Amino acid sequence: MARPELGAGVPGAAGPRLGPVASLLLIFVIGLGWGGGFALNRLAVDEGVPILAYLFWQCLGAGLLLSAYMAARRRWPPLDLKSLKLYFIAGLLAIGIPYTAIVYAAPKVPVGVLALVFTLEPGFTYLIALLFLMEWFHKVRFLGLGIGMAGLMLIVIPEASLPTRAMVPWVILGLAAPVGWAIFSVWIARTRPPGFDGLAIAWGLFI
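Structural notes, computed from the coordinates. No experiment lies behind these values; they were computed from the predicted model shown.

Looking at the overall build of the protein chain
Phase 1: When you go through the protein chain residue by residue, the secondary structure sums to 9 helices and 0 strands.
Phase 2: Reading the helices (α) and strands (β) of the protein chain from amino to carboxyl end gives α-α-α-α-α-α-α-α-α.
Phase 3: Here the protein chain holds 207 residues, and the buried ones make up 35% of them.
Phase 4: Taking all contacts inside the protein chain whose residues are at least 6 apart in sequence as the whole, residues at least 24 apart take part in 76%.
Phase 5: Accessible surface, the protein chain: about 12,500 Å² in total, of which carbon and sulfur atoms supply 74%.

Structural data, given as structure tokens:
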């Protein structure tokens, strides 16, 4: 029996079809937000914003925006006990662990180095999916994972890569973010109930 592809067959995973211009614009917006987020994290912590408060208001703001959108669509997420459990675990894996690691590591490590660490998330996702038999072993993909890890070692191990050796533990802490996202991706692909809207999961994990 063929193993399922990660994310395959998940309702709502594909999303609406967009034209090439709109797709490129969305990629640009995502990249701008993703890259700018690291700089904003560093700025907020450097200016003395309490870390947990910073995380709380980010999540609450996103949750309220999604609530307004869902209210406009008159489409609310399920709130039964099973769904609440799913929201809690999703929030822990996708938000709680990764973003706590990010904001603690951000003041201690150059922003560019931390951003490079996060690019390992697809490789970790593939590795975890392999362990759960959700992906086939593929030499090229596994080689890509190995190259990514080797690149991380080139940042952490040589003396000239980081300004000080004291930054190494903070780079390792930053790895909690891509690992958490990878575990979340595999877990949600395995446990997501049929017909469960992706928007509901996004709302639940932020709230």
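Picking up where we left off.
Brief notes about the packing of aromatic side chains
Phase 1: For the structure on display, the rule yields 3 aromatic pairs.
Phase 2: With centroids separated by 5.1 Å and ring planes inclined at 80°, the aromatic side chains of Phe 56 and Trp 57 adopt a geometry described as edge-to-face.
Phase 3: Overall, Phe 56 belongs to the partly exposed group, its relative accessible area being 46%.

Quick notes on the packing of helix α3 (residues 81-105) against helix α8 (residues 176-191)
Phase 1: Following both chains from N to C, one finds α3 and α8 inclined at 165°, their axes separated by 8 Å at the closest point. Taken together, the axis directions place α3 and α8 in an arrangement best described as roughly antiparallel. Viewed along their axes, α3 and α8 form a crossing whose handedness is left-handed. Across from Leu 86, Ile 89, Ala 90, Leu 93, Ala 94, Ile 97, Pro 98, Tyr 99, Ala 101 and Ile 102 in α3, the residues of α8 making contact are Ala 176, Ala 177, Gly 180, Trp 181, Ile 183, Phe 184, Trp 187, Ile 188 and Thr 191.
Phase 2: Across the contact of α3 with α8, the residue classes tally to 17 nonpolar, 2 polar and no charged.

As for unusual backbone geometry
Residues other than glycine predominantly adopt negative phi, and peptide bonds predominantly adopt the trans conformation.
Phase 1: Within the chain, Arg 74 stands out as a residue other than glycine whose phi angle is a positive 55°.
Phase 2: With respect to the secondary-structure elements, Arg 74 resides in the loop between α2 (51-73) and α3.

Brief notes about helix α4 (residues 111-118)
Phase 1: Taken as a whole, α4 has its buried residues at Val 113, Leu 114, Val 117 and Phe 118. End-on, the buried residues of α4 take up no more than an arc of 140°, which puts them together on one face.

Description of the nonpolar core
Phase 1: By size, the foremost hydrophobic cluster in this structure holds 25 residues, and its most contacted members are Val 113, Val 117, Phe 118, Leu 152, Leu 162, Val 171 and Leu 175.
Phase 2: At the level of elements, α3, α4, α5 (121-131), α6 (139-156), α7 (168-174) and α8 are the ones that each hand at least two residues to this core.
Phase 3: Counting 18 residues, the second largest nonpolar core, distinct from the first, contains Leu 66, Leu 93, Ala 94 and Ile 188.

Notes on the layout of surface pockets
Phase 1: In this structure, the largest pocket encloses a volume near 830 Å³.
Phase 2: Surrounding the largest pocket, 24 residues form its lining, Ile 30, Gly 33, Trp 34, Tyr 99 and Phe 206 being those nearest its centre.
Phase 3: Of all elements in the fold, only α1 (20-46), α2, α3, α5 and α8 reach the threshold of two or more residues within the lining of the largest pocket.
Phase 4: Per-element tally for the lining of the largest pocket: the top contributor is α1, with 8 residues.
Phase 5: Here the residues of the lining of the largest pocket sort into 17 nonpolar, 6 polar and 1 charged.

Here we look at the side chain of Glu 121
Phase 1: You can see Glu 121 is positioned in helix α5.
Phase 2: Here Thr 125 takes part through its side chain, which lies 2.8 Å from a polar atom of the side chain of Glu 121.
Phase 3: For Glu 121, the contacting residues outside a window of four places in its chain are Pro 178, Trp 181, Ala 182 and Ser 185.

Topic: a nonpolar patch on the surface
Phase 1: The grouping of Leu 127, Leu 131, Phe 132, Phe 137 and Phe 142 at the surface amounts to a nonpolar patch, some 520 Å² of accessible area in total.
Phase 2: Structurally, the position occupied by Leu 131 is in helix α5.

Quick word on the environment of Ala 115
Phase 1: Relative to the assigned elements, Ala 115 resides in helix α4.
Phase 2: Judged by relative accessible area, which is 22%, Ala 115 ranks as partly exposed.

Points about α5
Phase 1: Within α5, 8 of the 11 residues are buried, leaving the element largely enclosed by the surrounding structure.
Phase 2: What α5 keeps buried is the set Glu 121, Gly 123, Phe 124, Thr 125, Tyr 126, Ile 128, Ala 129 and Leu 130.

Analysis parameters
Residues numbered from 1 in each chain as written. Predicted model: local features only at pLDDT ≥ 70, side-chain atom pairs only at ≥ 80, totals over all residues. Heavy atoms only, no water. Helix = DSSP H or I, 4+ residues; strand = E, 2+ residues; numbered from the N terminus. Buried < 20%, exposed > 50% of the residue type's maximum accessible area, 1.4 Å probe, protein only. Contact = heavy atoms within 4.5 Å. Areas by Shrake-Rupley, 256 points an atom, 1.4 Å probe, with all protein chains shown as cover. Phe/Tyr/Trp six-rings, centres within 6.5 Å; stacked < 30°, edge-to-face > 60°. Axes fitted to C-alpha atoms, helices over the stretch in contact; angles between N-to-C directions. Parallel < 35°, antiparallel > 145°, perpendicular 65-115°, else oblique. Left-handed = near helix turned anticlockwise from the far one by under 90°. Nonpolar A, V, L, I, M, F, W, Y, C, P; charged D, E, K, R; others polar. Arc of directions from axis to C-beta. Core = buried A, V, L, I, M, F, W, Y, C linked by side-chain atoms within 4.5 Å. 1 Å grid on protein atoms, 1.4 Å probe; cavity = no way out; pocket = protein on both sides within 12 Å on 5 of 7 lines; lining within 4 Å. Points joined across faces, edges and corners; volume = space filled by probe spheres on them. Polar contact = N/O pair within 3.5 Å; in protein donor to acceptor, adjacent residues only side chain to side chain. Patch = residues over 30% accessible without salt bridge, like charges linked within 9 Å, V, L, I, M, F, W, Y side chains within 5 Å. Salt bridge = Lys/Arg side-chain N within 4 Å of Asp/Glu carboxyl O.

Purely geometric stuff here, so don't read any function into it on its own.
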